[in-house]
Amino acid sequence: MEKKHAQGKRYGMVIDLDKCTGCASCMIACATENNLAVRPDESDKQRSITWMRLYKVTNGKEFPHAQVSYFPRPCMHCDHHTPCVSVCPATATQTDYQTGIVSQIYTRCIGCRYCMAACPYHARVFNWWDAYFPKGKGLERYLSPEVSPRMRGVVEKCTFCHHRLMRAKRKAYADNRRELGEDEYVTACAEACPAQAITFGDLNNPKHKVSKLSKSPYAFRLLERLGTEPKVYYLSTKDWVRKMADNYLPGEYGPSNKTKLG
Amino acid sequence: MDSSLLPEGVKRCSPKVFFLWTLPWLGLLAWGLFSAFLCLWKGLNQTNMNDYFAFALWIVFDLAVIALGAGAFFTGFLTYLIGKKELKDIINAAVIIGFICYSGAIAMLGIDIGQPIRGWFIFWHVNVHSMLAEVSFCITCYLGVLAIEYLPLILENRKLEEIRELRLFGHNLHGIMAVFAGTGAFLSFFHQGSLGGMYGVMYARPFAFRDGFYIWPWTFFLFVLSSIAAGPSFTILCTKLAEKITRKNLVPAKAFQTLAKISGWLLAGYVILKIADTLSWLYGVVPRAGLTFMDFYREGPYGVWLVVAEIVVFGMIPATILMIPKARQHEGWLITGCLMNCTGIVLNRFVFTLVTLAVPVMPFDKFVSYLPTWQEWGIAMSVVGYGFLLFSLSYRYLPIFPKERELNPVTE
Amino acid sequence: MELNRRNFVKFLVGGVAGINITPLPWKLTDDIAIWTQNWSWVPVPPVGEFMHVKSVCTLCPGGCGIEVRKVDARAVKIEGRTDYPVNPGGICPIGMGGLQLLYNEDIRFTRPMKRGGPRGSGKFVDITWEEALDLLASRISTLRTAGRPEALAAVDGNPARSTMAITIERLLKSVGSNNYERIPSAEDTYSMASFLMQGTWGPTAYDLENADYILSFGSGLLEGWGAPGRVLNAWSLWHESPSKRKATVVQIESRASNTASKADQWVAPRPGTEAALALGLASVIIDERLYNSEFINNYSFGFDDWRSADGNNHIGFKTLLQEKYSPSRVAAITGLNPKDIVSLARDFARARAPIAICGKGKGDLNGDLYEFMAIHSLNALVGNLNNPGGLLIHDPLPLAPLGELPADAIAQEGIKKPRLDLAGTERYPYTQSMINNFADIIIDSAESPVDTLLIFSANPAFTLPDGGRFKKALKKIPFIVSFSPFYDETSLMADLILPDHTCFEKADDIVWPPGLQYPLYGLSRPVVKPLYDTRNSGDVIIQLAKRMGKLVEAAFPWETYEDILASRARGLFDSGAGLIEYDGTVPVWKRMAQGGKVKPDYATFEEMWKKIEAGGLWYRPSHTYKNWGTLFKTSTGKFEFFSTYIEQAVSSYAQKTSEEIATKAMGIVAKGDEIFMPHYEAVESEVDRATYPLLMVPYEMINLSSSWLPNPPHLNKTLFDDQLSKEESFAEINPKTAAEYGLREGDRILIKSPAGELRVRVNLFEGAMPGVVYLPLGLGHTAYDEFLQGKGVNPNDIIYSGKDPLSGHSIWWNTPVQLKKV
Ligand SMILES: Nc1nc2c(c(=O)[nH]1)N[C@H]1C(S)=C(S)[C@@H](COP(=O)(O)OP(=O)(O)OC[C@H]3O[C@@H](n4cnc5c(=O)[nH]c(N)nc54)[C@H](O)[C@@H]3O)O[C@H]1N2
Ligand SMILES: Nc1nc2c(c(=O)[nH]1)N[C@H]1C(S)=C(S)[C@@H](COP(=O)(O)OP(=O)(O)OC[C@H]3O[C@@H](n4cnc5c(=O)[nH]c(N)nc54)[C@H](O)[C@@H]3O)O[C@H]1N2
Ligand code: SF4
Ligand code: SF4
Ligand code: SF4
Ligand code: SF4
Ligand code: SF4
Ligand SMILES: [Mo]
C-alpha cells in the first residue's frame, strides 16, 4: 500500500485538539457542503447522519478539576488495507491510489452495511430514511449541485470533499498546471474552523503544513495500534486526551510528550 | 380428495387435519410477509438496527440457519462421496432442510440490505477481496445445487411420475447425484468458511479479528467445522420432530446413530480447536490491540458467561453425550445432545455478530444496546413458518423417507 | 396440438428457458436498478452558473465576513472570508447554517398579515402592505391626537448604535415617545461601568490578540462571547504552537464550560460572587504593591483615603479592600482557597500584558454593574487601560448623526414625560433602558400604559430571563406589531406582522463588533433577492413616517433605508483616516501595535461608499495608546475608583429624601463611601432558601442559538444525546448533588423556582458545581416548526430575578430552585 501511495498524493488532515473549541462549525460546514440530510429528530445519535462527528470526552476528575475536550472525527481514510474498502462486496467504496482518498459510490452501494461493521471509527452512516424534504418547505433550495443527495438504503461517509479536489483539478487543467497549490484543495471543515484547528494537505509533500504537523511529537492517531494507518492525525499536549485515542494495557501508556505513541 | 397425490402405501392425515396443522405456519408466514412489505416500502427504519448495530437479528438468524442447514451438504458428502449407505434413508430429509435453510436465509438477506433491487451488483461489480462476495456467490450457487438435489424428489410425486420424460429426467438426476453432492460439498466448505472469514478479517474489530493461515483467518476453519458438527444434529432433530408429530418411525436408528456419532466427534474436535483459537486470540490479537479479555465482557448483558455457555455447556457436554454410544442410543439423551449442539452453534453466530458490534473499539465510544422490533422478529419467524410448511408438504406428497413404508406397514 | 399435461409441462419448461435467453429479464433487472438510482423523491439540485457574493453576517453583532456561494439565483453555501479582518476564514456554526433560516418557508412570514385568531394561535390573514401601513399609521396618529404619543413603545433587539437602532428610536422620538426599550446586553452594563469610572461612553475594546494573560470572569470565549469569529481566532493565536504558547487563559466560572475546560486554569467561585473575587485579587495586588504606581499615583482618584472640599474624610479604594476583601474573607464568600486567590493575583499582576474581561456567557445578557466596576478596576490597577494588550479606550465610531429632530407640540409634550421603565430617573440614573421594569409596570397597572408596541429584531417572549414576566405584559398590551421575519414566540402574540427581510436579503450595518480593539464598520449586502413579499424594516419606518403628517415625515427625509446608511457613513469619510480594503497579510491587531498613521485608500465619499458596498468594510487600524492625561472625562479628570457620578446621583436623590431611602430605592445595600466604589453586594432575596436550597444557572452554547433568531436545523446534529433526547432536554448536575436526591443519569426531575417549574432529565456532570443546576439557553421553543418546537425547556421561564443594584437590570444568574424526582 505504502509503495502505491509513494507514487501519488496522500491527502490527510491534522486536527489540533488544544485549539479545537468544540464549536461544531466543522460539522455544519460538512453538512451544508455535502448536502447532508437532516430530520426533525436528530437526537438518536446512532441513526443521525453526520460525516464529521464531534465526540465529547471528560478527564474523569471530580469538580473542580473536571475537564471536557473534543475529538472531531471525519473518516480516517485508512491507508493500510482500508477496512471498509476491502470488505465491500460490490466495490462501492474504493481507495484511490492517486490520492489516498477512500471514496463512496452511493449509486453502487447495496446497503449491506458490512463496511460499517468493519469500521471501528463509526465513520460510516446508513440512510435509514428517505431524505427529509417536505413539499412547500423549500429547504431543498440550498442544496449544492456539486454533491448528489443520497437515496434511502445506502451508506455514506466523509469523502475529504472529493468534489473540491475535482474543482481544484479542473481549475488547474484550465490554466494548464499539473500540480495543485497547498491551499487550492482544502476541505470544507478545515476551511470553516474558526479556531484554525484543522489543517489539510498532502502528507506525502514535505512542503505541506500537514506533513510537518503530522511529524510533531504531539501528533497521534485514533486506534493507531490496530494498523489501519489513518490519514487523519491529532495534536494535543494534554496526556489525558492523548491517552483517550487508543487502548492501552495497564502501564503500557508512557505519558512522555516527546515519544510518539502507538 | 388429494389422495391421488399422496405417496403409495403410506398413511397421511385427512386434508382437513393437514390444513389445520398448516394454519399456525401460514400465520407466521403472513406476519413475515407484512413485515417485509413494511421494510421494503418504508425502509429499514422499521427495524431497530442502527449505525452501531449494522448487522443484527437477521444476520444472526442467517448465519444460524446456514450453519444448521449444513446437514444437507455434509450428509450428501457422507452418503455419496464417503459412501455411508445407511444415510440414504435420511439424505432426502437433510436436503429439504438444507433447501429450506438456504432459501430462507437468502430471502432474509434480500430484505436486510438497503437496496435489494441492486443486490445483483455483488456479482456485477464484485470485489474479490470481500468475504461477503464469496459468501454470496457460494450460497447462491449452492441453493441451485440444493434445488437440483430437491428436484428428483419432487418428480417422484405420484402424479408427476406418470409423465415419462419427467420420470426419466428424475432417475437420470438420481444417477449423477454424487456429482452435485460433490459440488455442494465444495461450495459449502467455502461459504461456511467465508461466513467465519467475514468476521475474522475485520482486523479493526479486535473482538472478531483472528490471525490465520494465508488469507484465511482461523474463524474460516472454525465455522466450517462447527457447521458440519451441528448440521447433522439439526437434521436428526428435525427428523425426530417429524417422527414425534406423525407418531411413526421414519428413519432406521442406524442412520441416526451414524449422524449422531459423527456430529459428536466433529463437535469434540471443534471445541478443542475453538479453545485453542480463543487462547491464541486472547494472547495475540487482544493484547496487540491494547485490550484485555474483560474489556469485551464488561458491558451490558454480554458477560464471561457467554464463553462458558458456548464452550462448556453447549460444547463439551453435547459432544460428550453424542460421543458415548450408550448415551446417544437413548433417545432422550440423543435429542438433548443434538439440541445443545445446535444451541451452541446459534450462540456462537450470535456472539460473533452482535458482541462484535456492541463492544466499542474507540475508548471514548459508548456501549449501546439493541432490541429487535416486531418487524424484525416477524421476518425471522416467517422462515420458521416457511420451513414447517415446506417440510410438511414434502412429507405429505413426496416419498422422502424410503423406509417409511417398511417401518410402518399399512394395515387395512 | 392438444394441450395435455405432457405438452403443458414441455411448454412450461420451454417457456422458462426461452424467456431467459431473451434480453428481457436482464434488461428489466438493469432498468429497475437504474430506477433506484434516480428516485423521483430524492432531490436533484439544479446546476447553473457559480457565483460568489461577499457580504457580512449580521446573524449576531459579531459581524463576520462571509462569502456566499451561489448557483444562479440560489445561495447554496456560506463560507468565511479571509479578506475580512474580524474572522480570518472561519465562521460559527450558526452562520454556517444560516441558509436554513433563509429558505425554511415554514418559519418565515412571507407577506404582511394581521391576526386572524386568538393571540398565540398563530392564525394570521394576509393583507397588503398598503393596508398594513395605513392601519399602523392611523393608530399612531390617533394616539398623537389623543395627546398620548408616549403610549407608542418599541422593543428593539438591534445592536446598540446600529443604524437600525437609531432609526427606530428616531421614529419614537419624532412621534413623541421615550419608551424605546432595548434588550440589555453585557455591553450595556460595561459601558455604564466605564462611564461611572472614566466618564466615557465609548465601545469596549479588548486588545485580546496582544494580551498574554486573559483573566475571564465568566466570559464564554468559546461559547460565542464578543465577536465570536474574532475571539475564536484569538484563541487559535494564543495556542499557536504547543511549544511556544503565547498567552495564559484563566476562566472564572462555576461550571466546566468549554472555555473553562480548555483554559489553562479554571477557577470556580460560587455563582454571583465574581465581584468579591475581583476585589480580593485587587487587595492582594495592592498589598503586594504589584499595581502600576505611575497610573495609580497620577491618573486615578479615590485610591487612597481623601478629604473632600466639605471637609469630610473618605476612605479610599485601598482601605476598602484592606478592610473588607482580604483573601480569607473573599475565600469565605467565593468558596475558593485563599492561597489560590493570592497566586492568581500575582500571576495576573506580573504578566506583561494582563487583561481582565467580563460579560457572562455570550454576553447577550446584562451583567452586574458593581462587579463590572470591580473587574474594570483590576485593569486599572495593572495600568493596562489604553495600552497594547489591554483595554483600549476609544471614541464611538465616527458615524454622522441623523440631524436635527424636528418635534411638534405633541411630540415635545410626549418626550417631556418620564420613561415608563424609570430608566434615567433618579432611581436608575445611568441606565438607558430597563425592559424588566417596563414589563413589571405594564403588569402592575390596571390598564396597560402602552397602547401600541413595535417589536424589532427581538423575541423577548423567549429570550428575556424574567420568568415569563414579559409574556404576561404582552397579553395586556392592546396592539402589538411585529417586524420579525420569523414565526417566533413574540410574533405569535402580535396583531400586525410587517415582516422584515432576513439578513441575507437586505443591506444593514455592523457598528463596531463587540469587544473589537479598533473601529470597524461592516456593511451586509443582499446576497439573494428577497424571496417573499417582505420589506426592510428601515424602509417600512420611512414609509410609515410619510403616512403620519408633515412633522414625522420631516424627521425622515430619506427615500430608503440605504440612504440613511449612506448618510451616516459620510461621517466615516469626514473622520479622515480609514481603510476599506484588507488583504489579510498583516492582521490589524499586529498593525496597530506596530503603530503608524493610516492613509485612506479612497479619495471621495462616493468612492469610499461604493467600495464599502462591494467589500462590506471600513476600519481604522491605528490608535493613540496610553495618553492617560486627557483620557478620562470624569469630574476629576482621572480614573475614579470613587465614582463622583454615583455620588452626584445619590446626593441629588438624597436631597429629596435621605441617603438611607435613596440608596435603598436604588437597590444598594452598602453604606457610606463603599456605595461609590466597586464592591460586592450579596444577592439578597426574600426567597426561603430552605424551600429552594439549590441554584439554577442557565448556560449558553456556541452551537445553539439563544438569541432572537431560530436555531438552524443542522445544528440539532451537534447537540449530544445527554443535552437533548427526543423532546427532552437535560440539566447538568454534579454527581454528589444528584446522590443527595437519589438521582441517576437520565432520571426525570422537576426543577421548581418561585417563578415556575420545568421537567427535564438528569445529566450527571463532574463539571457542574455541587448545589447548582445548569440548563442550556436556546431550547424549549413553543414557536417555529418541527425542527425546534417543543424540543427541551427554556430556563428563562423559571428564572426568578431580583434587580441589580444601581443598574436595575435583572439578576438572572442565580435562581433559587428545588428538585423533585418524577
Ligand atoms: N489504503 C488502501 N487500502 C486498500 C486499498 C488501497 O488501494 N489503499 N486497496 C484495497 C484493495 S483493492 C486490496 S486488493 C487490498 C489489498 O490489501 P492487502 O492485501 O493488505 O495488500 P497489501 O497491503 O499491499 O499486502 C499485504 C501484505 O502482504 C505482504 N506480501 C506481499 N507479498 C506477499 C507474499 O508473497 N506472501 C505473503 N504472505 N505476504 C506478502 C505485503 O508486504 C503486505 O504487508 O487493500 C484494500 N485496501
Ligand atoms: N503497484 C500496485 N498496483 C496494483 C495493486 C498493488 O497492490 N500494487 N493492487 C491491484 C489491485 S488488488 C487492484 S483491486 C487494483 C485497483 O486498481 P484500481 O481499480 O485502479 O483502483 P483505484 O486506483 O482506486 O481506481 C479507482 C478509480 O476510481 C476513481 N474513483 C474514486 N472515487 C470514485 C467515485 O466515487 N466514483 C467514481 N466513478 N470513481 C471514483 C478514483 O479516482 C480511481 O481513479 O490495483 C491493482 N494494482
Ligand atoms: S470547527 Fe474547529 S474548533 Fe470547532 S469543533 Fe470543529 S475542529 Fe473544533
Ligand atoms: S475510517 Fe472507517 S470508513 Fe474511513 S476508511 Fe477507515 S475504515 Fe473506512
Ligand atoms: S454497504 Fe455499500 S459500501 Fe458498505 S459494504 Fe455494503 S455495498 Fe459496500
Ligand atoms: S473532509 Fe469534507 S467530507 Fe470530510 S468531514 Fe470534512 S467537510 Fe466533511
Ligand atoms: S459569529 Fe455571528 S457573525 Fe459570525 S458567523 Fe456566527 S453568527 Fe454570523
Ligand atoms: Mo484489489
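Residues numbered from 1 in each chain as written. Chains lettered and ligands numbered in written order. Predicted model: local features only at pLDDT ≥ 70, side-chain atom pairs only at ≥ 80, totals over all residues. Heavy atoms only, no water.

Caption draft 1: How the structure looks around the pairing of strand β17 (residues 452–456) of chain C. Residues and elements named next belong to chain C. Counted residue by residue, β17 has five buried out of five residues, so it is predominantly covered. Residues T452, L454 and F456 of β17 are buried on one face, and the alternating residues L453 and I455, pointing to the opposite face, are buried as well. Pairing analysis gives five bridges linking strand β6 (residues 152–156) to β17, with the strands arranged parallel. Paired with A153 across the strands is L453, a residue of β17. In this structure, β17 lies alongside strand β18 (residues 479–482), joined through four bridges in parallel fashion. In the sheet register, L454 faces β18, and the bridge partner there is V481. (Buried < 20%, exposed > 50% of the residue type's maximum accessible area, 1.4 Å probe, protein only. Helix = DSSP H or I, 4+ residues; strand = E, 2+ residues; numbered from the N terminus. Pairing = 2+ DSSP bridges.)

Caption draft 2: Quick look at the environment of I90 of chain B. All names here are of chain B. With respect to the secondary-structure elements, I90 resides in helix α4 (residues 88–112). C-alpha separation for the pair I90 and F73, spaced 17 residues apart in sequence, amounts to 12 Å. Excluding its chain neighbours within four sequence positions, the residues that come into contact with I90 are T75, T235, T239, V251, F256 and L259. (Contact = heavy atoms within 4.5 Å.)

Caption draft 3: Representation of the site of ligand 7 in the model. C57, L59, C60, G63, C64, I91, C92, G95 and P228 of chain C make up every residue found near ligand 7. Across the shell around ligand 7, the residue classes break down as seven nonpolar, two polar and no charged. (Near = heavy atom within 4 Å. Nonpolar A, V, L, I, M, F, W, Y, C, P; charged D, E, K, R; others polar.)

Caption draft 4: Seen up close, the packing of helix α7 (residues 186–198) of chain C against helix α15 (residues 369–381) of chain C. Residue and element names in this part refer to chain C. Between α7 and α15, whose axes approach to 9 Å, the crossing angle comes to 60°. Viewed along their axes, α7 and α15 adopt a mutual orientation that is oblique. Considering only the axes of α7 and α15, their crossing is right-handed. Contacts between α7 and α15 involve A186, T189, Y190, M192, A193, S194, L196, M197 and Q198 on the former and, on the latter, L369, F372, M373, H376, S377 and N379. Of the residues that constitute the contact of α7 with α15, the class distribution is nine nonpolar, six polar and no charged. (Axes fitted to C-alpha atoms, helices over the stretch in contact; angles between N-to-C directions. Parallel < 35°, antiparallel > 145°, perpendicular 65-115°, else oblique. Left-handed = near helix turned anticlockwise from the far one by under 90°.)

Caption draft 5: Just the interface of chain C and chain A, in detail. Between chain C and chain A, the residue contacts involve 76 residues of the former and 74 residues of the latter. Buried area between chain C and chain A, both sides added, is near 6100 Å², and the carbon and sulfur share of it is 58%. In terms of surface lost to chain A, no three residues of chain C exceed K262, H714 and K717 of chain C, which account for 12% of the buried area on that side. Applying the counting rule to chain C against chain A returns 13 salt bridges. The partner of K726 of chain C in a salt bridge is D41 of chain A, with the nearest N and O atoms 3.2 Å apart. For the interface between chain C and chain A, the tally reads 44 residue pairs in polar contact (both at pLDDT 80 or more). Listed by contribution, the elements that provide at least two residues to the side of chain C that touches chain A are β2 (65–71), β3 (74–80), α3 (93–96), α4 (99–103), α8 (228–238), α9 (258–262) and β25 (724–725) of chain C. By residue number, the principal contributor to the side of chain C that touches chain A is β3 of chain C, which donates five residues. Of the residues in the side of chain C that touches chain A, the class split is 38 nonpolar, 21 polar and 17 charged. (Buried area = accessible area lost by both parts, 1.4 Å probe. Salt bridge = Lys/Arg side-chain N within 4 Å of Asp/Glu carboxyl O. Polar contact = N/O pair within 3.5 Å; in protein donor to acceptor, adjacent residues only side chain to side chain.)

Caption draft 6: Fine view of the interface of chain B and chain C. Taken together, the contacts link 11 residues of chain B with 13 residues of chain C. Counting the surface lost from both chain B and chain C, the interface buries some 1000 Å², and carbon and sulfur atoms represent 62% of this. Broken down residue by residue, the surface that chain B buries against chain C is led by I117, W120 and I163 of chain B, which jointly contribute 43%. In this assembly, chain B and chain C are joined by one salt bridge. The closest approach of N and O atoms between K366 of chain B and D721 of chain C, which form a salt bridge, is 2.8 Å.

Caption draft 7: Spotlight on the nonpolar core. If you look at the biggest cluster of nonpolar residues, it comprises 224 residues, and the most contacted ones within it are F71 of chain A together with Y199 of chain B. A per-element tally of this core places α4 of chain B first, with 13 residues. In contact with F71 of chain A, other than residues within four places in its own chain, are L17, R53, L54, Y55, V57, F220, L222, Y234, V241, M244 and A245 of chain A together with F364 of chain B. Counting residues in hydrophobic clusters, the runner-up holds 165 residues, among them A186, I393, F632 and V650 of chain C. (Core = buried A, V, L, I, M, F, W, Y, C linked by side-chain atoms within 4.5 Å.)

Caption draft 8: View of the packing of aromatic side chains. Tallied over the entire structure, the rule returns 86 aromatic pairs over all chains. The interplanar angle of 70° and the centroid separation of 6.4 Å between the aromatic rings of Y203 of chain B and F209 of chain B together place this pair among those described as edge-to-face. Each of the two residues, Y203 of chain B as well as F209 of chain B, counts as buried. Relative to W238 of chain C, the ring of W235 of chain C has its centre 6.2 Å away and its plane inclined at 65°; by these criteria the two rings are edge-to-face. Note that W235 of chain C and W238 of chain C are positioned in helix α8 at a spacing of three residues, about one turn of the helix. As far as the burial class goes, W235 of chain C and W238 of chain C line up, both buried. An aromatic cluster of at least three residues, connected via ring pairs, comprises Y291, F295, Y299, F303, F317, W628, F632, F639 and F641 of chain C. Positioned above the aromatic ring of F126 of chain A, the side-chain terminus of R113 of chain A is 4.9 Å from the ring centre. Cation over ring: K240 of chain B sits above F256 of chain B, and NZ or CZ is 4.2 Å from the ring centre. (Phe/Tyr/Trp six-rings, centres within 6.5 Å; stacked < 30°, edge-to-face > 60°. Lys NZ or Arg CZ within 6 Å of the ring centre and 35° of its normal.)

Caption draft 9: Spotlight on unusual backbone geometry. Of note, the bond from F63 of chain A into P64 of chain A is cis; its omega dihedral lies within 30 degrees of zero at 0°. Note on placement: P64 of chain A falls in the loop between β2 (53–58) and β3 (68–73). Phi is positive for N627 of chain C, which is not a glycine, with a value near 55°. Residue position: N627 of chain C is located in the loop between β22 (617–619) and α25 (628–631). Positive phi, normally seen in glycine, also occurs at K726 of chain C, with a value near 50°.

Caption draft 10: Up close: the site of ligand 5. Taken together, C88, P89, A92, Q104, C109, I110, G111, C112, R113, C115 and V155 of chain A make up all the residues around ligand 5. Per-class residue counts for the shell around ligand 5 are eight nonpolar, two polar and one charged.

Caption draft 11: Up close: the packing of helix α3 (residues 70–82) of chain B against helix α9 (residues 177–200) of chain B. Residue and element names in this part refer to chain B. Where α3 meets α9, the closest approach of the two axes is 8 Å, and the angle between their N-to-C directions is 135°. Compared by their axis directions, α3 and α9 come out oblique. In terms of crossing hand, the pair formed by α3 and α9 is left-handed. Here α3 contributes A70, F73, G76, F77, Y80 and L81 to the contact with α9, which in turn contributes M177, A178, A181, G182, G184, A185, S188, F189 and Q192. The class makeup of the residues in the contact of α3 with α9 is 10 nonpolar, five polar and no charged.

Caption draft 12: Main features of the pattern of salt bridges. Residue and element names in this part refer to chain A. This model, assessed by the stated rule, comprises 86 salt bridges over all chains. The closest approach of N and O atoms between K231 and D79, which form a salt bridge, is 2.7 Å. Here K231 is found in the loop between β9 (219–220) and β10 (232–235), whereas its partner D79 is found in the loop between β3 and α3 (83–87), with 152 residues between them in sequence. Notably, a salt bridge pairs E191 with R164, separated by 3.1 Å at the nearest N-O pair. Within this pair, whereas E191 is found in helix α6 (residues 188–192), its partner R164 is found in helix α5 (residues 162–174), the two being separated by 27 residues in sequence.

Caption draft 13: Fine view of the environment of R761 of chain C. Residues and elements named next belong to chain C. On the secondary structure map, R761 appears in strand β28 (residues 756–764). Spatially, the C-alpha atom of R761 lies 40 Å from that of A670, the residues being 91 residues apart in sequence. Leave out the neighbours within four places in its chain, and R761 touches S725, E728, S729, F730, A731, G746, D747 and R748. Separated by 2.9 Å, the side chain of R761 and the backbone oxygen of G746 make a polar contact.

Caption draft 14: The arrangement of the sheet that holds strand β7 (residues 180–182) of chain C in detail. Residue and element names in this part refer to chain C. Spatially, the seven strands line up as an open sheet ordered β5-β4-β19-β18-β17-β6-β7, and their pairing is mixed. Unpaired on one side and paired on the other, β5 (124–126) and β7 mark the two borders of the sheet. The pairing of strand β4 (residues 113–115) with strand β19 (residues 496–497) spans two bridges and is classified as antiparallel. Note on β19: the bridge partner recorded for M113 is I497. Contacting β6, β7 and β17, helix α17 (residues 435–444) crosses the sheet at an angle of about 125° to β7.

Caption draft 15: Examining a nonpolar patch on the surface more closely. All names here are of chain B. Taken together, the side chains of W31, F34, F37, W41, W374 and W377 make up a nonpolar region of the molecular surface, amounting to roughly 710 Å² of accessible area. Every element with two or more residues in the nonpolar patch is listed here: α1 (15–42) and α16 (374–397). Among the elements that take part in the nonpolar patch, α1 stands out by supplying four residues, more than any other. For W41, the position within the fold is in helix α1. (Patch = residues over 30% accessible without salt bridge, like charges linked within 9 Å, V, L, I, M, F, W, Y side chains within 5 Å. Areas by Shrake-Rupley, 256 points an atom, 1.4 Å probe, with all protein chains shown as cover.)

Caption draft 16: Local environment of the pairing of β3 of chain A. Residues and elements named next belong to chain A. With six of six residues buried, β3 lies mostly within the body of the structure. Residues V68, Y70 and P72 of β3 are buried on one face, and the alternating residues S69, F71 and R73, pointing to the opposite face, are buried as well. Both β2 and β3 contribute to a ladder of six bridges, which runs antiparallel. Counterpart to L54 in the pairing with β3 is P72.

Limitation: the analysis is restricted to geometry and does not speak to function.
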